[in-house]
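In case you want the letters, here they are:
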Amino acid sequence: MEFLVASAVGILTAGGVYLILRLRAFPVILGLALLSYAVNLFLFSTGRLVVNAAPILNPYGDQPYTDPLPQALVLTAIVISFGMTAVLVMISLGSFFENESDEINLDADDAAEERAK
Amino acid sequence: MHWIIAPVILPAMLAPIIAYVMRHDITLARVVSFAGVLGLLGLAIGLFVMASGGETFVYRLGDWPAPFGIVLVLDRLSALMVFLTAILALVVLYHVVATGWDKRGRHFHALYQFQLMGIVGAFLTGDAFNLFVFFEVLLIASYGLMIHAGGKIRLKAGLQYVVMNLAGSTLFLFALGTLYASTGTLNIADMAVKIAQVPVEDAALVRVAGILLLFVFAVKAALFPMQFWLPATYSNAPAPVAALFAIMTKVGTYAILRIHTIAFGPEAGAIGDMVTAWLVPMAALTLAVGAVGVFGAKRLELLIAYAVIGSMGTMMLAVAAMTPATASAAIYYMLNSTLAAAALFLFADLYLSRRDEDGRLILAAPLSQNGLFAAAFFAAGIAMVGMPPFSGFLGKLLILEALSDGPHITLAFSAILIGSLVMILGFVRAGSILFWKSVTVSPDPDAEAAPPLTLSQGAGMGALVALLVALTLFAGPIYDVGAAAADQLFFPQGYIEAVLAPHGEG
């Protein structure tokens, strides 16, 4: 279980970091999405991994429970990263239609414009 | 005691009303936006007076006791920062309305209010996860403001800015997760208590979390090696928006001051001096990058953006030393550098909108009010690089004096002094190209003369210069305010006791 979660976080992060270093907007967006999945999974495990337990303290017995706070944090993080990804897609679409390319790099473009003047 | 949350609620309520009810009526939106910022200034003054007594006020949301519920904390430092934000917001909003920037795109005023909500919330919160949420609020509004009015390069720079900050947010979440896993709390005061109890052999994870958090805040504060997003963003954003962004780098500084002094400060046992050891070289390199950037910048806005980086480096050298004296100097310098950077960006807006060479530092025919613009650039420029007689000089002097009995004296002195020299040279080069050598260029007879600067348009920039003068004239009392805030910051027991008190007045 621990190994599975840890390697999932690691692989997702590695893939995400690889993708956000690309020069095109689309892989970068995918990379950020992967990174946000990785961090959500990671946040889940910060309250220790417990299987088959409710996130509720039970006053009547020594039943195992899982920490509810990371679940609330993950929910917040999911909502925020979902919204942010939507904004990012819109801005990159805007940039794509304005610039007629989805390249991220600014300097080459700037320099070209400088030369044209 | 509900006043503490009022500066967050006010813009949060106004923004949707402006966005949904007044989107077709720019006059109404302006009036309401102005009223909102004036209200924010009133609240900020009220909170400032309230906090100046030295008490730490805690607002518990939903009246849940502290480590379980979210708290907002008002002390001298957060009140001062909210006050600074409100002043800057008012001046920048005035400038935006006077120059008609808000009509060049949609929803400017709604985004502006959301931006203020996020900044003020980040200054007031006492909970690390809540800090993340307010960071996201201010960032998502800043994305909209950054690409306000559109344009090819601006959209592309905006895309980079968004990607950079989303990666930063992910890192923030990783840091918070690590912190929660190792201390079991996200309340800043509670975290300070728990971290001080961490035994040395278990401290590795907490150290990782602390350094991750430091890097996240370094992204916001544009510290080396995370400074590279700032020049492209600030120089391509609408200039008045860049003027407001001058406060956003300070949000990163504030977060380092707050969290890394209270929770990871010198008293945090096992964590010890880790933060200083990382921050000092980062700050010195930031200053070097800023200075070289100012010297080599080809465009006026790029030059100002690098000057902002340089000033962040200077400020961080003082913050990194983590003593009350250096923090007081840093707070004074922060007031100066925020206002000076904003003044420079407003100047750039007024000046460049009257010339057509796209802000590049090349010879072109002078404007009819060449002397006036030169004086404005001179005033804001010397405040920024720290030449007498303005407050930038006093701020640097205070920082140097505070650092003079510290262990990093050689590095700090050489970085600040050499950096200042190179920055002065950069500003001199820009000023002489724009204002002195340009006089030799005869104007194109066919070209239409640029509209002269009217009093109403220049008033925003003028107000900032007047504030800088006031900051210089009243340096003593203002420094005392900063020193009082720093003393309170370096007495974390007061903060911790106030937040974790069993039952407050709520």
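Small disclaimer: the values here were computed from a predicted structure and weren't measured.

Thresholds applied
- Residues numbered from 1 in each chain as written.
- Chains lettered and ligands numbered in written order.
- Predicted model: local features only at pLDDT ≥ 70, side-chain atom pairs only at ≥ 80, totals over all residues.
- Helix = DSSP H or I, 4+ residues; strand = E, 2+ residues; numbered from the N terminus.
- Buried ≥ 20, exposed ≤ 12 C-beta atoms within 10 Å, placed from the backbone.
- Contact = placed C-beta atoms within 7 Å.
- Expected span 1.5 Å × (residues − 1).
- Nonpolar A, V, L, I, M, F, W, Y, C, P; charged D, E, K, R; others polar.

K.L.:
Where do I start with the overall build of chain A in this structure?
P.N.:
When helices and strands are counted, chain A shows 4 helices and 0 strands. When the elements of chain A are put in sequence order from the N terminus, they spell out α-α-α-α. Residues counted as buried form 26% of the 117 residues belonging to chain A. The long-range fraction of contacts in chain A, counting pairs at least 24 apart against all pairs at least 6 apart in sequence, stands at 54%.

K.L.:
It is not clear to me how helix α16 (residues 409-436) of chain B should be interpreted in this structure. Could you clarify?
P.N.:
Because each turn of an α-helix spans 3.6 residues, side chains separated by three or four positions end up pointing in the same direction. Residue and element names in this part refer to chain B. When the terminal C-alpha atoms of α16 are compared, their 38 Å separation across 28 residues agrees well with the 40 Å that a helix rising 1.5 Å per residue should span. Buried within α16 we find A412, A415, I416, G419, S420, V422, M423, G426, F427, A430 and L434. Elements in contact with the buried residues of α16: α11 (274-296), α12 (300-321), α14 (370-385) and α15 (391-403).

K.L.:
What is the right way to look at the interface of chain A and chain B in this model?
P.N.:
Accessible area lost upon the coming together of the parts serves often as the stated size of an interface. Each side of the interface is counted separately: chain A has 28 residues, and chain B has 25 residues. In terms of residue count, helix α3 (residues 68-99) of chain A provides more of the side of chain A that touches chain B than any other element does, 14 residues in total. Of the residues belonging to the side of chain A that touches chain B, the class tally is 18 nonpolar, 7 polar and 3 charged.

K.L.:
Where do I start with unusual backbone geometry in this structure?
P.N.:
For residues other than glycine, phi is negative in most cases, and the peptide bonds are mostly trans. Geometrically, the link from B:F224 to B:P225 is a cis peptide bond, its omega value of 5° lying close to zero. For the bond running from B:P388 to B:P389, omega is 5°, close enough to zero to count as cis. Positive phi values are uncommon outside glycine, yet A:N52 reaches one of about 60°. With respect to the helices and strands, A:N52 occurs in the loop between α2 (25-45) and α3.

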